[in-house]
Amino acid sequence: MIDARSVIETMDWAGLHHAYGEASDAPEALLALLSGDPESCGATLGYLDAAVLHQGSLYPVIAPAALFVAGVLGDERTLILCESDLPWDDRERPLRAALLEWLGSVAESAADWDDEEDDEDDEDEGGEGDEDDEARSAAASQAIRRDLYAAVLPFLDDADDAVRRAAVGAMGQLMLAPELAEFRGEQAQWMQRLAHHPTSATAVDRAAAALTLGNWGIAPQAFLADPDPSVRAAAALAPALDPDPRALAEIRRALVDPGAADDWFTEHLPQLDGKLRFGLVKALLRRTRDFEEILPEALAVAQMTSTYTVDADWGPLLKRAFTERHTPGRPLTTAQRRFLSAIVDNDECWSGVANPLLWFRDAGLPHNRESLRTLVSAT
């Protein structure tokens, strides 16, 4: 068991730093998690995300802060409902769920360094560079992953939906650690059992289990037979199922109505990077070769997408449509024309944001709407 009080009392916090400077403010912020005050707890959640783990970067304060958070997970005071004070996160949930999700983010950032090698050139004559600092912070974060695993494990069967799903998400990241590989089979077996007892867990829980297995490189084949289409689609995203035609069929079925597929999961699933359709498009492109064969799915996306998501959905589809860069005078194929027409007709793809410009340029296409309309209309 992690002694959270000892972490606070024995650490030289002033000798550590976070994104905004010296970490001498960490003990007060961390102890506020046990205050029983929703506002104070929300402020600390913001502090953990913005200062301690700023945009996924690792700082020297990260390991002791994560140990403290892991050490208080079982405290009844973490059952309080609260919201983070971050303006982009207005979810009200048990503090325990938010802390589990944060530990999953710590594990994810630490995992990014598993394949990194020490670079002696990072040091300059004046001292050690920022990359060395983060590398040491990453090593410290990796060194506590067994402790984090033990702390997260009891909450995989928690009665509270938000806590349980956050625990599964955190475990999904932790199991990517090489030193925890010995537990991966046990955890995979625990998650696969949900496929054989679909009534014992919600569709969201089954989907989270399928996504987690897929992220571990395990084929969640049993979930392809789930009675819920959202679970089948989640399972179908797994790269390990790329050779399985049933998985491709589920991807196609889900993309008949991409907006509806996005609405299958109303709450955040940590195993998903953005909207469900982003993963569906990625899997579709990975498993197919010709644009003509995915035209129905491409049109469905083009009719509901926006300029803000071009990098994740219609941009990659545009690239597939124009594997050979378009040159002036070359006629469009029927599939290219239909796809571009759908983009031209979708006002949401022309909001004035410059995101699509690079995609059009790389395809050899005009990025002005009227010029593109003229190209599409040309006989």
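Treat the numbers as computed from the prediction; the structure is a model and nothing was measured.

Colleague: What should I look at first to understand helix 16 (residues 314-321) in this one?
Modeller: Most of helix 16 sits out of view: seven of its eight residues are buried. All buried positions along helix 16 are accounted for by Trp314, Gly315, Pro316, Leu317, Leu318, Arg320 and Ala321. As for helix 16, its buried residues are in contact with helix 14 (276-287), helix 15 (295-302), helix 17 (334-345) and helix 18 (357-362).

Colleague: Explain the packing of aromatic side chains to me, please; I cannot follow it from the model alone.
Modeller: To describe a pair of aromatic rings, one takes the distance between the centres and the angle between the planes. Under the defined criterion, the tally for this structure stands at four aromatic pairs. Seen in terms of ring centroids, Tyr149 and Phe183 are 4.5 Å apart; in terms of plane orientation they differ by 20°. Their pairing is stacked. Note that Tyr149 is positioned in helix 7 (residues 145-152) and Phe183 in helix 9 (residues 181-196), a separation of 34 residues in sequence. Assessed through its relative accessible area of 18%, Phe183 is described here as buried. Measuring from ring centre to ring centre gives 5.6 Å for Trp350 and Phe360, while their planes differ by 10°; the resulting arrangement is stacked. Linking Trp350 in the loop between helix 17 and helix 18 with Phe360 in helix 18, this pair joins segments that are 10 residues apart in sequence.

Colleague: Even after reading the chapter, I still don't get a negative patch on the surface, so can you show me in this structure?
Modeller: Together, Asp12, Glu22, Asp25 and Glu28 give the surface a local cluster of negative charge. With respect to the helices and strands, the residue Asp25 is situated in the loop between strand 2 (21-22) and helix 2 (26-31). On the basis of relative accessible area, Asp25 is assigned to the partly exposed category, the value being 34%.

Colleague: Looking at this structure, I do not really get the environment of Asp244. What am I missing?
Modeller: Examined against the element boundaries, Asp244 turns out to sit in the loop between helix 11 (229-236) and helix 12 (245-254). A relative accessible area of 12% places Asp244 in the buried class. Measuring from C-alpha to C-alpha, the distance between Asp244 and Ala219 comes to 9.8 Å, with 25 residues separating the pair along the chain. Contacts of Asp244, omitting those with residues within four sequence positions, involve Gln221 and Leu224.

Colleague: Would you explain the side chain of Asn346 in this entry?
Modeller: Structurally, Asn346 can be placed in the loop between helix 17 and helix 18. When its relative accessible area of 8% is taken as the criterion, Asn346 is described as buried. A distance of 3.1 Å separates a polar side-chain atom of Asn346 from the backbone oxygen of Thr305. Leaving out residues up to four positions away in the same chain, Asn346 has contacts with Ala302, Gln303, Met304, Thr305 and Arg369.

Colleague: In this structure, what is going on with the confidence of the model for the protein? I would like to understand it.
Modeller: Any residue range with low pLDDT should be treated as having predicted coordinates unsuitable for detailed reading. Residues at a pLDDT of 70 or more form 96% of the protein, whose mean pLDDT is 91. A low-confidence stretch, residues 117-127 (pLDDT under 50), is modelled with six contacts involving residues beyond four sequence positions or located in other chains.

Colleague: Quick question: what am I supposed to make of the pattern of salt bridges here?
Modeller: Side chains carrying opposite charge are able to pair once their charged atoms draw close together. The full count for this structure, using the stated rule, is 28 salt bridges. A salt bridge links Arg145 to Asp114; the nearest nitrogen and oxygen atoms lie 2.9 Å apart. Residue Arg145 is located in helix 7, and its partner Asp114 is located in the loop between helix 5 (95-111) and helix 6 (130-143); the two are separated by 31 residues in the primary sequence. Judged by its relative accessible area of 3%, Arg145 falls in the buried class.

The rules we used
Here the residue numbers are simple positions, counted from 1 along each chain's written sequence. Only residues with pLDDT of 70 or above have their local features reported here, since the model is predicted, and side-chain atom pairs are shown and tallied only from 80 upward, although totals for entire chains, interfaces and linings are computed over all residues. For the side-chain quantities, the full set of heavy atoms in the structure was used; hydrogens and water were omitted. For each residue, the accessible area found with a 1.4 Å probe, counting protein chains only, is set against the maximum for its type, and the residue is called buried under 20%, exposed over 50%, and partly exposed in between. Put simply, DSSP H or I for four residues or longer makes a helix, DSSP E for two residues or longer makes a strand, and each gets a number counted from the N terminus. The contact rule is simple, with two residues in contact once any of their heavy atoms fall within 4.5 Å. Centre distance within 6.5 Å is the pairing criterion for rings of Phe, Tyr and Trp, where only the six-membered ring of Trp is used; planes under 30 degrees apart are then read as stacked, over 60 as edge-to-face, and the remainder as tilted. Patch membership requires over 30% relative accessible area and the absence of a salt bridge. Like charges are linked within 9 Å, and nonpolar side chains (Val, Leu, Ile, Met, Phe, Trp, Tyr) within 5 Å. Each accessible area is a Shrake-Rupley result for a 1.4 Å probe, and residues are judged covered by the shown protein chains and nothing else. For this analysis, a salt bridge means a side-chain nitrogen from Lys or Arg found within 4 Å of a carboxyl oxygen belonging to Asp or Glu. Residues scored as positive are Lys and Arg, those scored as negative are Asp and Glu, and His as well as the terminal groups of each chain are ignored. For charged residues, the charge sits on one atom: NZ in Lys, CZ in Arg, CG in Asp, CD in Glu. Definition of a polar contact: a pair of N or O atoms within 3.5 Å, with one able to donate and the other able to accept a hydrogen when the atoms are protein atoms, and with sequence-neighbouring residues admitted only if both atoms are side-chain atoms. The quantity called pLDDT is the predictor's confidence in a given residue, expressed from 0 to 100.

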